[in-house]
Amino acid sequence: MSLMRRLERGQGSDEEQQKPSQRPEPENKPDTGDLAGSRLSNLRPRKPTTQNPQSPRGSYMELKNRVQNQLLEELDPSVGLGKIDEVRRTIQELFEQILLAENTVLTRPERQRLLDQITDEILGFGPLQPLLADRSVTEIMVNGYDSVYVEKAGRLFKAPVKFESNEHVMRIIDRIVAPLGRRVDEASPYVDARLPDGSRVNAVIPPISLVGPVLTIRKFAADPITVEQLIEFGTLNHESVMLLKACVEANLNIVISGGTGSGKTTLLNVLSSFIPSDQRIVTIENAAELQLRQEHVVTLETRPQNIEGKGEINAQQLVVNALRMRPDRIIVGEIRAGEALDMLQAMNTGHEGSMTTAHANSPRDVISRIETMTLMAGYDLPIRAIREQVASAIDLIVHVDRQRDGTRKVVNLTEVIGMEGDIITLTDLFSYEQTGFEDGKVIGSLRSSGLRPNFLDRVEAAGIHIPPSIWGVGQRSRF
């Protein structure tokens, strides 16, 4: 049995062993600085470390940390991290020299696995790096250093990775938030951030977390989801897509609602792809994650307080400022508080075609939540005045739900008709009908109610024709 297997025995690692790359020839080494005078030249071969059979993981971590620390000491700081390939080659060369000096015997796959782990620790996000690279993983949840879960195909699984300690998790969190100018400590024990690829990150640390640092990463696909894929997944059908496309092009105001992880932001990305490319779009988010494909896009992001408790810029302030930026469309990633009032005012004052998302359990709940969030703006407004603003501003509510089998589906396309007395009237244009549950899968379809929307005249006035087939008249047209 090789040394690495003896060290890791009982650790239960299921990581895939990749084929090791050949060690670069000395004459092809990149220019990484003068290594002749480094401490590597003074390293003497050491006797192989005798393992302690009672603590295999401790012995493995001791070897990994020792090699990693020597690598950090010997790595030439003049080599910029922007040249990733060059840095990787330098790390591999130093790694081989250190193992030779350590007189550590490893097989080629074990040597490559150890190199990958150390490289991920230096250049990436440590144990999270293979999970971030796995396209089948959609969400990563770290509940303390020894408990990591992932979401695949809408279901949760425990991941075969662990951190060394809670301090190790804290180092990774700091590496994520520091480039964004954000911080997390006992005075501010939670933070929202994003990864370079746009994936959403939330971190919570003690004292408000009792299980150690908690890190939640919602990954975004490297290639944005397309409307064709949503049809293939069963999230939408051709008729509903045709209606949504017409509503976006006709500058109708749309609110996307749903629970956590239901796919609101993904759907918002898809709907934004229908916006004409000649329009100026201003997006407002707590952590920038929208992936708009148009060229004329201005992205604004909120800012938390600094260490002195000053400098906070919230979404409400950004919405007000966006009105001075000559936007054709305003897209707010999510309304959570007083910015709802400013968003309604923007929709009612010439910025038609705006879109946002909100947490809610149903289209009717969206209306109630927007009323509550409007009151959070701090103005003593009568409820009827707020409801008139809501009924006038919002044209369509798209409600998304996460089904029992983990799939995300649009379950309601609801038109906001107007006011009847003190009540806002809603009409379902499309609704999802579940017909069964077989082999762990929800069976059903999104069907038209047969009712024509009141905003159909606005759509026709914009030069967009919606065939009557989507209301159940005649044969179905394909998108």
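To be clear, the structure that these remarks concern was listed above.
Attention here is on the structure that accompanies the text.

1. Observations concerning the pattern of salt bridges
Per the counting criterion, the structure on display carries 15 salt bridges. The salt bridge involving Glu151 is made with Arg408; its shortest N-O contact spans 3.5 Å. Note that Glu151 is positioned in strand β2 (residues 148–152) and Arg408 in strand β13 (residues 408–420), a separation of 257 residues in sequence. Since its relative accessible area comes to 3%, Glu151 is described here as buried. Residue Arg408 is classed as partly exposed on the basis of its relative accessible area of 24%. Ionic pairing is found between Arg384 and Asp422, a salt bridge with its closest N-O pair at 2.6 Å. Pair noted here: Arg384 is in helix α13 (residues 383–393) and Asp422 is in the loop between β13 and β14 (423–438), with a separation of 38 residues, a long-range link. Taken together, the shared-partner salt bridges in this structure form one network comprising Glu151, Arg402 and Arg408.

2. Structural notes on the nonpolar core
Among the nonpolar cores identified, the biggest contains 44 residues, and Leu243, Ile254, Leu267, Leu271 and Val398 are the most heavily contacted of them. With 7 residues, the top contributor of residues to this core is helix α8 (residues 238–249). Other than its neighbours up to four places away in sequence, Leu243 contacts Leu413, Leu429, Phe430, Phe455, Ile466, Ile470 and Trp471. Val282, Val332, Ala346 and Ile394 belong to the second largest nonpolar core, which has 33 residues in total.

3. Let's talk about α13
Those residues of α13 lying buried are Ile386, Val390, Ala391 and Ala393. Residues of α13 that are buried in the fold lie against α11 (339–348), α12 (363–375), β13 and β14.

4. Structural notes on empty space enclosed by the protein
One pass over the full model with this rule turns up 1 cavity of 30 Å³ or more. Approximately 40 Å³ is the volume attributed to the largest cavity. Looking at the largest cavity, the residues that line it are Val255, Ile335, Ala340, Met343, Leu344, Met347, Thr356, Ile370 and Ile394. Sorting elements by how many residues they give to the lining of the largest cavity places α11 first, with 4 residues.

5. Focus on the sheet that holds strand β7 (residues 254–258)
Across a sheet, strands are paired by hydrogen bonds formed along the backbone, either parallel or antiparallel in direction. Sheet architecture is open: 9 strands sit in the order β9-β8-β10-β11-β7-β12-β13-β14-β15, paired in mixed fashion. Every other strand in the sheet has two partners, leaving β9 (297–301) and β15 (441–448) as the edge strands with one partner each. Taking the axes of each pair of neighbouring strands and ignoring which way they run, one obtains an average angle of 25 degrees across the sheet. Contacts from helix α10 (residues 315–322) reach β8 (281–285), β9 and β10 (329–332), with the element oriented near 170 degrees to β8. Those strands touched by α13 are β13 and β14, and its axis lies near 120 degrees from that of β13.

6. Concerning unusual backbone geometry
With omega at 15 degrees, the peptide bond leading from Pro206 into Pro207 counts as cis. Secondary-structure assignment places Pro207 in the loop between β5 (200–204) and β6 (214–218). Here the phi dihedral of Arg326 falls at roughly 55 degrees; this positive angle occurs in a residue that is not glycine. When you line up the elements, Arg326 lands in the loop between α10 and β10. The exposure class assigned to Arg326 is exposed, which follows from its relative accessible area of 57%.

7. Side note on the sheet that holds β6
The 6 strands are arranged β3-β2-β1-β6-β5-β4 in an open sheet whose pairing can be described as antiparallel. The strands lining the two open edges of the sheet, one partner per strand, are β3 (155–158) and β4 (190–194). If you compare each strand with its neighbour and ignore which way they point, the axes differ by 20 degrees on average. Looking at chain direction, β5 and β6 are connected through 5 bridges and run antiparallel. Residue pairing in the sheet places Val204 in a bridge with Val214 of β6. Of the strands in this sheet, β1 (137–143), β4, β5 and β6 touch helix α6 (residues 166–177), which is tilted by about 55 degrees from β4.

Scoring rules and cut-offs
- Throughout, residues of each chain are indexed from 1 in the direction in which the sequence is written.
- Totals for whole chains, interfaces and linings use all residues, but because this is a predicted model, local features are given only for residues with pLDDT of at least 70 and pairs of side-chain atoms are given and counted only at 80 or more.
- For side-chain calculations, the full set of non-hydrogen atoms in the structure is used, while hydrogens and water are omitted.
- We define a salt bridge as a side-chain nitrogen of Lys or Arg found within 4 Å of a carboxyl oxygen belonging to Asp or Glu.
- Helix and strand definitions follow DSSP, with helices as H or I runs of at least four residues and strands as E runs of at least two, each counted in order from the N terminus.
- In this scheme, a residue with accessible area under 20% of its type's maximum is buried, one over 50% is exposed, and one in between is partly exposed, where area comes from a 1.4 Å probe on protein chains only.
- What we call a nonpolar core is a set of buried Ala, Val, Leu, Ile, Met, Phe, Trp, Tyr and Cys residues that are connected through their side-chain atoms within 4.5 Å.
- Contact criterion: two residues are considered in contact whenever any of their non-hydrogen atoms come within 4.5 Å of each other.
- Buried and open spaces are told apart on a 1 Å grid over the protein atoms alone, a cavity being a set of points where a 1.4 Å probe fits but cannot get out and a pocket being an open set with protein on both sides within 12 Å along at least five of seven lines. Residues with an atom within 4 Å of a point are the lining residues.
- Grid points are joined across faces, edges and corners, and a volume is the space filled by probe spheres set on the points.
- The pairing criterion is simple: DSSP has to find at least two bridges between the two strands.
- Note on geometry: axes are lines fitted to C-alpha atoms, helical ones only across the stretch in contact, with angles between N-to-C directions running from 0 to 180 degrees.

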